[in-house]
Amino acid sequence: MNIEERINQLPPINYDLQLPMTSINLLGLTPEICDESVYEILKDYFIEHQYNILTTLYKDESMDMMGYADVNVVVSIKGLKIAQLLKEKYGTPYVVGFPYGRFSTALFMALEQAIETGEDQYPYKDFFRLQTDKMLVLKGDPVIMSSIGFSLSQQYDLGYKVISDNKETLGPIDIKETKKDDIYVDITFPLQDTIFDLTIKNL
């Protein structure tokens, strides 16, 4: 059974059920995207910010509570289709972004805005992107790379480019126009906890 069929079979919402705090589904986490350490870090991070996680689908979890989320968080491109299906079924807005470094503040602001307005949010698309002689270049999942690129750009005062083979870019993706002076940020998948200590050396 594919994900669309599984979501179609989810039960209707019981509106008498009251959840204790703002609830989310973390969508797009897979073993190909991140290892167990990053998975646990991300879960703990949202819990520390007072969000109740209903499901992540990283492991063999029940999907029955997915419809009770106040907002869905798409942390990689793999979670987009699921978020769109849940919005179609339950009307739940979604926010696209990976909670990384300085970008995390923008992500959490977008979560609150999505809950308040019911509108989907793409926070890394809403900021002016620096255009510098030397650019940071990141290749990989467009959601994760755009989030990391935004954070590093703020930290190092450099522009950034994201190169992705995925057609669903969800943001400003530069397939070409890289220069030899650009700084290529080497990020390997699945992500490990060292990703959160990423620094750019020899600028």
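Here the residue numbers are simple positions, counted from 1 along each chain's written sequence. It should be noted that, the model being predicted, local features are given only for residues of pLDDT at least 70 and side-chain atom pairs only at 80 or more, the latter also being counted only at that level, while totals for whole chains, interfaces and linings use all residues. Note that water and hydrogens are dropped before the side-chain values are worked out from all heavy atoms of the structure.

**Let's talk about the sheet that holds strand β2 (residues 52-55)**
Here is step 1: Read from one edge to the other, the open sheet built from 4 strands follows the order β2-β1-β3-β4, with strand pairing classed as parallel. Pairing within the sheet leaves two strands with one partner each, and these edge strands are β2 and β4 (94-96). Across the sheet, the axes of successive neighbouring strands diverge by a mean angle of 35 degrees, strand direction being ignored.
Here is step 2: Here, residues are in contact when the closest pair of their heavy atoms is within 4.5 Å. Only the stretch in contact is used when fitting a helix axis, every axis being a line fitted to C-alpha atoms; angles between N-to-C directions are given from 0 to 180 degrees. Runs of H or I in DSSP of at least four residues are treated as helices and runs of E of at least two as strands, each being numbered from the N terminus. Relative to the sheet, helix α4 (residues 103-117) contacts β3 (71-74) and β4, its axis offset from that of β4 by approximately 160 degrees. For two strands to be treated as a pair, DSSP must find no fewer than two bridges joining them.

**What about the side chain of Ser-153?**
Here is step 1: With respect to the secondary-structure elements, Ser-153 resides in helix α5 (residues 142-156).
Here is step 2: Leave out the neighbours within four places in its chain, and Ser-153 touches Leu-130, Leu-136, Leu-158, Gly-159 and Tyr-160.

**Some points on the environment of Gly-101**
Here is step 1: Structurally, the position occupied by Gly-101 is in the loop between β4 and α4.
Here is step 2: Note: C-alpha distance between Gly-101 and Ser-147 (46 residues apart in sequence) is 8.7 Å.

**Some thoughts on the pairing of β3**
Here is step 1: Residue burial is assigned from relative accessible area. The probe radius is 1.4 Å, only protein chains are included, and a residue is buried under 20% of its type maximum, exposed over 50%, and partly exposed in between. Side-chain alternation along β3 places Val-71 and Val-73 on one buried face and Asn-72 and Val-74 on a second face that is also buried.
Here is step 2: As paired strands, strand β1 (residues 23-27) and β3 are joined by 4 bridges and run parallel to one another. What sits directly across from Leu-27, in β3, is Val-74.
Here is step 3: Seen with the strands pointing away from the viewer, any crossover whose path from the first strand over the helix to the second strand runs clockwise is right-handed. Viewed along the sheet, the connection from β3 through helix α3 (residues 80-90) into β4 turns out right-handed.

**Comments concerning the layout of surface pockets**
Here is step 1: Here a cavity denotes a set of grid points, spaced 1 Å apart and computed over the protein atoms alone, in which a 1.4 Å probe fits but from which it cannot get out, and a pocket denotes an open set meeting protein on both sides within 12 Å along at least five of seven lines; residues with an atom within 4 Å of a point are reported as lining. Grid points are joined across faces, edges and corners, and a volume is the space filled by probe spheres set on the points. Estimates place the volume of the largest pocket at around 250 Å³.
Here is step 2: Considering the residues around the largest pocket, the lining is formed by 16 residues, among which Ile-13, Gly-67, Tyr-68, Ala-69 and Asp-70 are closest to the centre.
Here is step 3: Looking at the lining of the largest pocket residue by residue, the classes come out as 9 nonpolar, 6 polar and 1 charged.
Here is step 4: Taken together, Asp-186, Ile-187, Thr-188, Pro-190, Leu-191, Gln-192, Thr-194, Ile-195, Asp-197 and Leu-198 form the lining of the second largest pocket.
Here is step 5: Three categories are distinguished: nonpolar for Ala, Val, Leu, Ile, Met, Phe, Trp, Tyr, Cys and Pro, charged for Asp, Glu, Lys and Arg, and polar for the others, with Gly belonging to the last. Here the residues of the lining of the second largest pocket sort into 5 nonpolar, 3 polar and 2 charged.

**Focus on the side chain of Ser-147**
Here is step 1: Mapped onto the secondary structure, Ser-147 falls in helix α5.
Here is step 2: Pairing of N or O atoms within 3.5 Å defines a polar contact, subject to two protein rules: one partner must be a possible hydrogen donor and the other a possible acceptor, and residues neighboring in sequence count only if both atoms are side-chain atoms. Polar contacts involving the side chain of Ser-147 include one to the main-chain carbonyl oxygen of Val-143, which spans 2.8 Å.
Here is step 3: Setting aside residues up to four positions removed in sequence, Ser-147 forms contacts with Gly-97, Phe-98, Phe-103 and Tyr-124.

**Here's the deal with the sheet that holds strand β7 (residues 183-185)**
Here is step 1: Spatial ordering of the open sheet is given by β6-β5-β7, a layout of 3 strands whose pairing is parallel. Either end of the sheet is taken by a strand with one partner, and the two such strands are β6 (159-163) and β7. Across the sheet, the axes of successive neighbouring strands diverge by a mean angle of 25 degrees, strand direction being ignored.
Here is step 2: Pairing of strand β5 (residues 135-139) with β6 involves 5 bridges; the strand directions are parallel. Bridging across to β6, Met-135 finds its partner in Gly-159.

**Concerning the pattern of salt bridges**
Here is step 1: The rule for a salt bridge is simple: a side-chain nitrogen of Lys or Arg has to be within 4 Å of a carboxyl oxygen of Asp or Glu. Throughout the structure, instances matching the rule amount to 3 salt bridges.
Here is step 2: Note that Lys-59 is salt-bridged to Glu-36, the shortest N-O span being 2.8 Å. Of this pair, Lys-59 sits in the loop between β2 and β3 while Glu-36 sits in helix α2 (residues 36-48), placing them 23 residues apart in sequence.
Here is step 3: Ionic pairing is found between Lys-161 and Asp-182, a salt bridge with its closest N-O pair at 3.8 Å. With a gap of 21 residues between them, Lys-161 in strand β6 and Asp-182 in the loop between β6 and β7 connect regions that are remote in the sequence. Like Lys-161, the residue Asp-182 is buried in the burial classification.

From the geometry alone we can't say anything about function, so treat these as descriptive.
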